[in-house]
Amino acid sequence: MPRTPSALPFPIGPIRPTPGARTALRPAAVTIDGGFWHDRRATNARVSLPQGPDLLESAGNLHNLRLAAGRAEGEFQGAYPFVDTDVYKWLEAAAWQLAEDSGEPLAAEVERIVALVAAAQQPDGYLNTWFQLVKGGVRYQDLRWGHELYCAGHLIQAAVAHHRATGRPELLDVARRFADHIDSVFGLPGSGKPIDGIDGHPEVETALVELYRETGERRYLDLAGYFVDRHGHGLLGGEAYCQDRVPLRAATNVEGHAVRQLYLLAAAADLATETGDDELRSAGERLWRAMTATKTHLTGGLGAHHDREDFGDPYELPNERAYCETCAAIASVQWSWRLALLTGEARYSDLIERTLFNGFLAGVSLDGERWLYVNPLQVRDGHTDSGGDQSARRTRWFRCACCPPNVMRLLASLPHYLASGDEQGLQIHQFVTGTYATDRVRVRAETDYPWHGTVAFTVEETSADGPWTLSLRIPQWCREFRVRSGADAYDQSDAPVDHGWLRLTRAWEPGDRVVLELGLEPRLTAADPRVDAVRGCVAIERGPLVHCLEQVDHPGGGLDDIVLDPSRPLAVKHRPDLLGGVTTVVAAGRRRRLPDRGWWPYTSASGTDGGSDREPDGEPVELTAIPYHVWANREDGSMRVWLPTS
Ligand code: FUB
Ligand code: ZN
């Protein structure tokens, strides 16, 4: 008897569709026990997460909760009405970590802070230290900037994580009381609720869907649907910035503040998953296509503008002023994963891979102690650092510290985003060393990806009667691959690939092996010609990794004068000595000697009127391109992803 998807096990993670959800796929249970992501997650567990409470203490976040709980005296600390969310995101991250390793002292720290949060909650369920302490308890009067529901959303997500990971009810009780309070306040005109309104920063919507999934309380799902659909009706003044210009169902491209837009879209995908709302699903698919075609940086980074942290216009993708907030990369992964599960399509996991390995991972230093809030694709020679949160230099913490604990929670919950199951079998979306399991099958994988392209899978257990399908995502960047399984061998010319999925259907037995070899030849990538900022440039990529030049690897001058010669081959150099062990790509280039003039008469490429003065040959220089995600881990200097070819 084939089992229904609802019989699949519930792995512990942030998204748990209900048994009746209209989803193509459900998250599988994954453990990562070696390789690239294991190492980065180990740093998260060993360094970043344990430092959280001290950082939250010195930034005043915990002090504010103590004040609200009547356990301390003094002034509110912090510059923003949403500083509570740093605590909640850290709690969520710690909870996912506890799901893997319930050891002390993390568990004790979590319970200490959970108790503090509970003590700060008001008797009617409301909780926001800024409004309780600074605004005299006046609530919901500044929905555009106040972030009260945004904070509630992060609290609810932390509570769901805590409950799933530890089985403990304390934080979930706090979250439910707050959600019940919100439900008693917000609703359509005529509903008897006092406020018809939305929060300027979406977040509560996904959280409410997940609270519904955790508790079975339908009111929370309905409330999430209300909030999503009330965007775009002018309740906040009709601005694109907070997704209030046009209803999501009618929107044609992503717009406004990137993180806000992406969290809202993640909620729309959740709602479509739980309710079967096809209009909402189509809107999400349409907007995702528009975003990837017109508003996504090569690194997967999103949000072109420093000004208002905004998506910007189609093809407006600057380099040195790229915003690409780390939180936007995280929100993108969250949204794409929901769409991957909902639709079963591999392209969403292609973007997840690009984002994880590049735009996301650059947000944290190799030692796990320093962060980037914005992730530019270029730092110019002679760059004068403005300092502050939007600096192009790594920082220990931020005044607006939204990104670091967000990185922590994604790394801690990363196994959740890697594989799925359905009635047909198991789908491997991302390649790691570890095990991938549904309730019927368990497969082990060994790999040194992304440095090497071989992934060896071994079926460890299967209780399925008869054949089932092992589906492997063939990354969209991959031009050549081979796969061997028993007597079968395919390459890209004859493999059974269906919309990005290599489908291997067999009556699998324990011990059966599949070896996938993805070609990792380095390649040059050009951008859509409408992206003026990089016209005439190429970027170096290898596998899922975007590469960049850093000044420290190119002594004798800056990077603004460098030109890459695309006619010369690219070479691969494994460098165990460099940046914790990376693979570099070596290219041939020149360092131009340009006159300091600013502009000069135009000549065509074949022009004869002084072209040599305009474009001297320059000295040959060997270009060393490191993976973008490890930039800014050595001395400060210039950096660039897109390289001119002439
Ligand atoms: O407004 C809360 C968070 O702060 C946003 O998600 C980030 O973009 C930053 O503005
Ligand atoms: Zn952020």
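An account of the accompanying structure is given in this report. (Residues numbered from 1 in each chain as written. Chains lettered and ligands numbered in written order. Predicted model: local features only at pLDDT ≥ 70, side-chain atom pairs only at ≥ 80, totals over all residues. Heavy atoms only, no water.)

### Remarks on the side chain of Glu214
Logical step 1: In this structure, Glu214 sits in helix H8 (residues 204-215).
Logical step 2: Aside from chain neighbours lying at most four places away, what touches Glu214 is Arg16, Val160, His163, Arg164 and Leu172. (Helix = DSSP H or I, 4+ residues; strand = E, 2+ residues; numbered from the N terminus. Contact = heavy atoms within 4.5 Å.)

### Things to note about the coordination of the zinc ion (ligand 2)
Logical step 1: Looking at the metal site, the zinc ion (ligand 2) is ligated by Glu325 (OE), Cys327 (SG), Cys402 (SG) and Cys403 (SG), spaced 2.1 to 2.3 Å from it.
Logical step 2: Viewed at the metal, the 4 donor atoms of the zinc ion (ligand 2) are separated by angles of 96 to 117 degrees, and the geometry they form is tetrahedral.
Logical step 3: Counting gaps between the donor residues of the zinc ion (ligand 2) yields the pattern E-x1-C-x74-C-C. Taken together, the residues span a long stretch of sequence, with Cys327 in helix H12 (residues 326-343) and Cys403 in helix H14 (residues 403-412) at a distance of 76 residues. A single burial state applies to Cys327 and to Cys403, both of which are buried. (Donors = N, O, S within 2.8 Å, 3.2 Å for Na, K, Ca; no water. Tetrahedral: all angles 85-135°; square planar, octahedral: opposite > 155°, others 65-115°. Buried < 20%, exposed > 50% of the residue type's maximum accessible area, 1.4 Å probe, protein only.)

### Re the sheet that holds strand S14 (residues 513-518)
Logical step 1: Across the sheet, which stays open at both edges, the 7 strands sit in the order S2-S6-S7-S8-S14-S10-S11 with antiparallel pairing between neighbours. What marks the edges here is a single partner per strand, and that holds for strand S2 (29-34) and strand S11 (488-491). Between one strand axis and the next, the sheet turns by 15 degrees as a mean value, whatever way the strands run.
Logical step 2: Here S2 pairs with strand S6 (residues 433-437) via 5 bridges, running antiparallel. Residue pairing in the sheet places Ala29 in a bridge with Ala437 of S6. (Pairing = 2+ DSSP bridges. Axes fitted to C-alpha atoms, helices over the stretch in contact; angles between N-to-C directions.)

### Describing the environment of Val174
Logical step 1: Here Val174 lies in helix H7 (residues 170-185).
Logical step 2: Residues Val174 and Leu518, 344 residues apart in the sequence, show an inter-C-alpha distance of 48 Å.
Logical step 3: Among residues more than four places away in sequence, those in contact with Val174 are Val117, Ala118, Gln121, Leu127 and Leu155.

### Re unusual backbone geometry
Logical step 1: With an omega dihedral of 0 degrees, the bond running from Glu104 to Pro105 counts as a cis peptide bond.
Logical step 2: Position of Pro105 among the secondary structure elements: in the loop between helix H3 (84-100) and helix H4 (106-120).
Logical step 3: Looking along the chain, the bond that leaves Tyr449 and enters Pro450 is cis, with omega of 10 degrees.
Logical step 4: Assignment of secondary structure puts Pro450 in the loop between strand S7 (441-447) and strand S8 (454-462).
Logical step 5: We note that Gln243 has phi near 55 degrees; this positive angle belongs to a residue other than glycine.
Logical step 6: Residue placement: Gln243 occurs in the loop between helix H9 (218-230) and helix H10 (258-275).
Logical step 7: Judged by relative accessible area, Gln243 falls into the buried class, the value being 4%.

Functional significance is not addressed by these values, which are geometric in nature.
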